[in-house]
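One letter stands for each residue in the lines below.
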Amino acid sequence: MDFTLSEEQKMLVETLRTMGERENFRELAKKIDETCEFPFELMDRYAEMGLLGMTLSPEHGGGGQPAVNAVLAVEELAKFSPMIAAPVFESNVGPVRVIDLFGTDEQKKRILPGVCSGKLSVSVCMTEPEVGSDLTSLSTKAVEDGDSYVLNGRKAFITGGGHASHYMVYTRFGDAKGYKAIGGLLVEKGMPGFTFGKQERYMGLHGMPSCDLFFDDVRVPKQNLVVPPGDFGKLMWTFDIERCGNAAMCLGVAGGALNEAKAYAMERNAFGRPICEFQAVQFLVVDMATKLDAARLLVYRAASGAGQGLPSIYEASMAKAYANEMVVDVTDKAMQVFGGYGYSSEFPVERMYRDAKAWGVAGGTLQMLKIGVAGMIFGRRFDQRK
Ligand SMILES: Cc1cc2nc3c(=O)[nH]c(=O)nc-3n(C[C@H](O)[C@H](O)[C@H](O)COP(=O)(O)OP(=O)(O)OC[C@H]3O[C@@H](n4cnc5c(N)ncnc54)[C@H](O)[C@@H]3O)c2cc1C
């Protein structure tokens, strides 16, 4: 079993680390949190560096790299802030992968090069005001009409909402109930009848565009059908790569908090000596480092197993669930190491804790992931409706 990164992967991580230090991403992260403004200026830069679409098909402008490289890049940038990592996340493990894997040639040509150059982005639209975990009860509906579908419904908590150019909408086709009638339709910003709600104000992840979407008789050409009804499994399977990205965000935020706590423990004095000399503080930091490494092994296993395709559902779900709990614990401990200053917004660990809380809900709740893993461990499906 080989746990070492390749020379190319080490160089990727090192390049991002030094760029973040040179360009003071630590300060940028603070600014984003305070102003709630997404750092769109990074898009061109990331595109030039080949970070956007690094996992997408080379014939459409992508880098053709394995998923684990994107996970490493997201982790490294998220040490500063998930917002700084977000474009790399969206363009490599987001719903654009559905188009890359299952879209038509025409869709790939239309969308993928734009995603790689930072001009286009795709949001995933599953959740509705009345339906989150119980996804297969969604009520957004597409009805066939000539060469189009007419789409009606509402989506909630959509990351990228209002800013993304394209929206991968999970919708029911016709009146049939359950997952068999659900597919994925690509809706473009600006289509008549497609409007946005007010931007969300979350506890953390300040600066991340997010809002409700409203579809009022939106006429979507049939050529925008990416995943037809009957192939719902393809949508969910692809979503597992997004779950690896979510877990990579957790690794980054926890890694950032660990770095902060370590540095602070060496410089802060109490009783005439640095607090890192107290065993209680050492144990906090050791627990943080151990849990972070354990999560890292799970996440890298899932992402490595995906290769240039998709991960095992078992490995991705387990990695995400563990990383989601780990990041809350690690950032909580980092705040403790900082004492009173940990609770102050002058220091980054308070923001990291707020950012940490998002991941166990976004991308499917911890509870729902564990229910899925339980089904795989016991070898039977636990129907939540019975
Ligand atoms: C920061 C953030 C970003 C997001 N981005 C997106 C996005 O881009 N696109 C998108 O579509 N959605 C997005 N979401 C929405 C997210 O996917 C949903 O919030 C999530 O799936 C949970 O759905 P819900 O909020 O309706 O909670 P509910 O489904 O109402 O669940 C409420 C609680 O009940 C628990 N629960 C429900 N059913 C069961 C059960 N059977 N057994 C045990 N516990 C259960 C849940 O675990 C949860 O704790 C985002 C959310 C957040 C916070």
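Cut-offs used in this document
- Residues numbered from 1 in each chain as written.
- Predicted model: local features only at pLDDT ≥ 70, side-chain atom pairs only at ≥ 80, totals over all residues.
- Helix = DSSP H or I, 4+ residues; strand = E, 2+ residues; numbered from the N terminus.
- Rg over C-alpha atoms; globule rule 2.2 N^0.38 Å.
- Buried ≥ 20, exposed ≤ 12 C-beta atoms within 10 Å, placed from the backbone.
- Contact = placed C-beta atoms within 7 Å.
- Expected span 1.5 Å × (residues − 1).
- Domains from an automatic or database assignment.
- Nonpolar A, V, L, I, M, F, W, Y, C, P; charged D, E, K, R; others polar.
- Core = buried A, V, L, I, M, F, W, Y, C linked by C-beta atoms within 7 Å.
- Axes fitted to C-alpha atoms, helices over the stretch in contact; angles between N-to-C directions.
- Parallel < 35°, antiparallel > 145°, perpendicular 65-115°, else oblique.
- Left-handed = near helix turned anticlockwise from the far one by under 90°.
- Near = placed C-beta within 6 Å.
- Pairing = 2+ DSSP bridges.

Asker: Kindly report on the overall build of the chain, identifying the contributing residues and their values.
Answerer: Looking only at helices and strands, one finds 12 helices and 10 strands in the chain. For 386 residues, the compact-globule estimate of 2.2 N^0.38 gives 21 Å, and the C-alpha radius of gyration of the chain, at 21 Å, lies within 12% of that figure. The C-alpha extent of the chain, read off along each of the three principal axes, is 80 × 50 × 45 Å. Of all 386 residues assigned to the chain, the portion counted as buried reaches 49%. Sequence separation of at least 24 residues holds for 73% of the intrachain contacts in the chain that already meet a minimum separation of 6.

Asker: Any details on helix α12 (residues 366–378)? Residues and values, ideally.
Answerer: With 13 residues, α12 extends 18 Å from end C-alpha to end C-alpha; this agrees with the ideal 18 Å at 1.5 Å per step. Taken from the residues just after α12, G379 is the one with a positive phi, measuring 70 degrees.

Asker: Lay out the domain arrangement of the chain with the relevant residues and their values.
Answerer: Along its sequence, the chain is organised into domain 1 (7–116), domain 2 (122–230) and domain 3 (233–378). A C-alpha centroid distance of 20 Å is found between domain 1 and domain 3. With 24 residues of domain 1 at the interface, the matching set in domain 3 holds 25 residues. Mapped by element, the contributors of at least two residues to the side of domain 1 that touches domain 3 are α2 (25–35), α4 (67–78), α5 (82–93) and α6 (96–102). When residues in the side of domain 1 that touches domain 3 are grouped by element, the largest group, 8 residues, is from α4. Class assignment for the residues of the side of domain 1 that touches domain 3 results in 16 nonpolar, 2 polar and 6 charged.

Asker: Outline the nonpolar core, supporting the account with residue identities and numerical values.
Answerer: Core analysis: the largest hydrophobic core is formed by 116 residues, its most contacted members being V74, C244, C250, V299 and A334. At 17 residues, the largest contribution of residues to this core is made by helix α8 (residues 232–267).

Asker: Go over the packing of α5 against α8 with me, naming the residues and quoting the values.
Answerer: Interaxial distance between α5 and α8 falls to 10 Å at its minimum, and their mutual angle equals 160 degrees. Taken as axis vectors, α5 and α8 run roughly antiparallel relative to one another. By crossing handedness, the relation of α5 to α8 is classed as right-handed. Within the contact between the two elements, α5 uses P82, A85, F89 and V93 and α8 uses I241, E242, C244, G245, M249, G252 and V253. Considering only residue class, the contact of α5 with α8 consists of 8 nonpolar, 2 polar and 1 charged.

Asker: Describe in detail the site of the ligand, supporting the description with residues and values.
Answerer: In the neighbourhood of the ligand, 21 residues make up the surrounding shell, with G132, S133, T159, T365 and Q367 lying closest. Of all the secondary-structure elements, those providing two or more residues to the shell around the ligand are β1 (122–125), β3 (148–159) and α12.

Asker: Break down the packing of α4 against helix α9 (residues 279–306) for me, citing the residues and quoting the values.
Answerer: The geometry of a pair of packed helices is captured by two quantities: the angle between their axes and the separation between those axes. At their nearest, the axes of α4 and α9 sit 7 Å apart, and the two run at 145 degrees to each other. Between α4 and α9, the contacting residues are A67, V68 and V71 on the first element and V299, Y300, A303, S304 and A306 on the second.

Asker: I'd love a proper account of α5, names of residues and values included.
Answerer: A rise of 1.5 Å per residue sets the reference length of α5, with its 12 residues, at 16 Å; its end C-alpha atoms lie only 14 Å apart and thus fall more than 12% short of the reference. Listing the buried residues of α5 in full gives P82, M83, I84, A85, A86, P87, V88, F89, E90, S91, N92 and V93.

Asker: Tell me about the pairing of β3, and please be specific about residues and values.
Answerer: Across 5 bridges, the pairing between strand β2 (residues 141–145) and β3 is antiparallel. Directly across from E144, in β3, lies its bridge partner Y149. Connecting the antiparallel pair β2 and β3 is a turn made up of 2 residues, with G146 showing a positive phi of about 65 degrees. Of the pairings in the sheet, the one linking β3 to strand β7 (residues 210–221) comprises 9 bridges and is antiparallel in character. Bridge pairing links V150 to R219 in β7.

Asker: Describe the pairing of strand β4 (residues 166–173), with residues and values.
Answerer: β4 sits mainly inside the fold: 7 of its 8 residues count as buried. Here β1 pairs with β4 via 4 bridges, running parallel. Bridge pairing links V124 to M168 in β4. Examined bridge by bridge, β2 and β4 share 2 bridges and lie parallel to one another. What sits directly across from A142, in β4, is F173. Sheet topology note: the β4/strand β5 (residues 182–188) ladder contains 7 bridges and is antiparallel. Of the residues in β5, the one forming a bridge with R172 is I182.

Asker: Hey, could you go over unusual backbone geometry for me, with residue numbers and the actual values?
Answerer: Positive phi outside glycine occurs at L205, with the angle close to 50 degrees. Positive phi, close to 50 degrees, is recorded for D217, a residue that is not glycine.

Asker: Account for the environment of G252, with residues named and values stated.
Answerer: Relative to the helices and strands, G252 resides in helix α8. As for G252 and A73, which are separated by 179 residues in sequence, their C-alpha atoms are 9.4 Å apart. Ignoring sequence-local partners within four residues, the contact set of G252 consists of V74, E75, E76, L77, A78, K79 and A85.

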